[in-house]
Amino acid sequence: MQLHNYWLTTVEMPKTDVARALPETADVAVIGAGFTGLSAARTLAKKGAKVVVLEGETIGWGASSRNGGMVLTGMKLGVNKLISMYGQERTRKMYAASLASIDCVEQIVGEEKIACDFSRCGHLEVACKQAHFDDYARQVEVIAREFSHELKIVQRHELSSEIGSGIYFGGMVDEISVGVNPARYVAGLGAAALRAGASVFEQTRVQTIGREARQGTQGWKLSTSCGALWARDVFVGTSGYTGRATPGLQTKIIPIGSYIITTEVLPDALARELSPRNRMIYDSKNYIYYYRLTPDNRMLFGGRAAFFPESGDSIRKSAEILRLGMIDVYPQLRNTKVEFVWGGTLDFAFDIMPHAGQMDGMYYAVGYAGHGVAMATYQGQLMALQIAGEKPDNPFDGIPFPGAPLGLYNGRPWFLPLAGAYYKFLDWVS
Ligand SMILES: Cc1cc2nc3c(=O)[nH]c(=O)nc-3n(C[C@H](O)[C@H](O)[C@H](O)COP(=O)(O)OP(=O)(O)OC[C@H]3O[C@@H](n4cnc5c(N)ncnc54)[C@H](O)[C@@H]3O)c2cc1C
């Protein structure tokens, strides 16, 4: 078994000239070369802005190349919870944004001819308890009534047409969701941003950011590991890897580890037995499992096996936890080899919502909570339009952005083991 991201074996990332010096100035400095930053850079460059993307590692190095490739409708929180938090009107707009975000990915993939195995295969949520299944009916009804969007309930006795597992109490299907190869998608987005005229500087970590006027124009001086840059505007797209360069944002984001294994390539018949309709699948627990077939017929199985962000140790431990979880779901895979394991870091806000807007004068979009493939792309695009002076309707801009209760958080998530235990307890009792 390799401690390596399987998706990266399927792609070559775009090349940049690492020896090149940073320019003195830019219209917009974008921090982070994942879906958020690259999508913003592409849009801004197409509008004629001089855009410089600063990436501490390499293009797509963060969650954007490491995820499950599930491009999902909806948000992490259920619709009833959203309505109770934001009311019907704003929730309607948020749900519409989640659908628009998938169309946005489809449009970019089409326009930029990105070969990333984009497929409208739909997603299947499976219920781990009868009470979870009962709640599906309520959700389907609200989503149809409030958002005119149709989901399908799958009764337990019909579930074998969707999944080759007997452990669930039923399911809920949304045909609109999509599967992609995320590493190919982020590579394509990077290439598109470069083609549009954005400059991407890899191995260039932003260390500090301070206000500085230049020739009468208000702006920002960014100190990086490769020198300084002045920019009129700054857009932060650092997600779960948000650090000390943006301390205000760092204290609003909880970095949470998520881990994935992939098996060896499965025979066709077995792959079809496990997932007859090739859905993106996830379960109804807080300690969620998510899984799918890869385009070359491996089972990709992920979960929050450890809450801490990835390290060699947490990745190795997660491999066995996930393998046992996979066998619980699919005993057919008992003797199947696991070939790859890797981890990545998710960005959770304290209210588990995406957030975008301006903080301390800088633009940002973060907080995708494991629903970021489409939403990060979309928020990058919307925020780019806003920076360019347009007024896109963004229902996540301006919603309250809570920090830790009592302010007990300085960016080091000391409470993750407690949170992990709490969610395990919730899965047990509810
Ligand atoms: C294991 C895993 C599975 C997931 N599965 C799914 C899924 O199936 N579906 C889904 O919708 N979402 C999923 N997600 C979430 C999704 O991948 C993310 O929400 C999305 O990729 C966020 O994109 P981003 O561009 O905002 O951040 P990232 O891709 O994380 O990029 C942030 C970048 O910022 C850079 N950076 C940070 N600080 C600095 C600095 N100071 N200077 C320069 N650069 C800096 C980092 O190096 C990094 O490359 C998953 C995430 C993980 C980890």
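Look up: the structure comes first, before these words.
Computed from a prediction, not measured in an experiment: that's the story for all the values here. (Residues numbered from 1 in each chain as written. Predicted model: local features only at pLDDT ≥ 70, side-chain atom pairs only at ≥ 80, totals over all residues. Heavy atoms only, no water.)

**Things to note about the packing of aromatic side chains**
Counting across every chain of the model gives 10 aromatic pairs. Between Tyr-6 and Trp-7, the ring centres sit 5.4 Å apart and the planes meet at 50°, which makes this aromatic pair tilted. Just as Tyr-6 is buried, Trp-7 falls in that class too. Measuring from centroid to centroid gives 6.0 Å for Phe-133 and Tyr-136, while their planes differ by 75°, and the two rings are edge-to-face. Taken as a pair, Phe-133 and Tyr-136 lie in helix 4 (residues 130-147) at a separation of three residues, close to a single helical turn. By the burial criterion, Phe-133 is buried, and Tyr-136 matches it. By way of ring pairs, the aromatic residues Tyr-289, Tyr-291, Phe-301 and Tyr-330 are connected into one cluster. Between Lys-252 and the ring centre of Phe-401, over which it is positioned, the NZ or CZ distance is 5.2 Å. (Phe/Tyr/Trp six-rings, centres within 6.5 Å; stacked < 30°, edge-to-face > 60°. Buried < 20%, exposed > 50% of the residue type's maximum accessible area, 1.4 Å probe, protein only. Helix = DSSP H or I, 4+ residues; strand = E, 2+ residues; numbered from the N terminus. Lys NZ or Arg CZ within 6 Å of the ring centre and 35° of its normal.)

**Brief notes about the pattern of salt bridges**
For the structure on display, the rule yields 26 salt bridges. Residues Arg-145 and Glu-146 are paired through a salt bridge, measuring 3.2 Å at the closest nitrogen-oxygen approach. Residues Arg-277 and Glu-162 are paired through a salt bridge, measuring 3.3 Å at the closest nitrogen-oxygen approach. You can see Arg-277 sitting in the loop between helix 7 (268-274) and strand 14 (280-283) and its partner Glu-162 sitting in the loop between strand 6 (152-155) and strand 7 (170-174), a full 115 residues away along the chain. Looking at Arg-277, the relative accessible area reads 42%, which means it is partly exposed. Counted as one network, the salt bridges with shared partners bring together Arg-42, Lys-46, Glu-111, Glu-112 and Arg-195. (Salt bridge = Lys/Arg side-chain N within 4 Å of Asp/Glu carboxyl O.)

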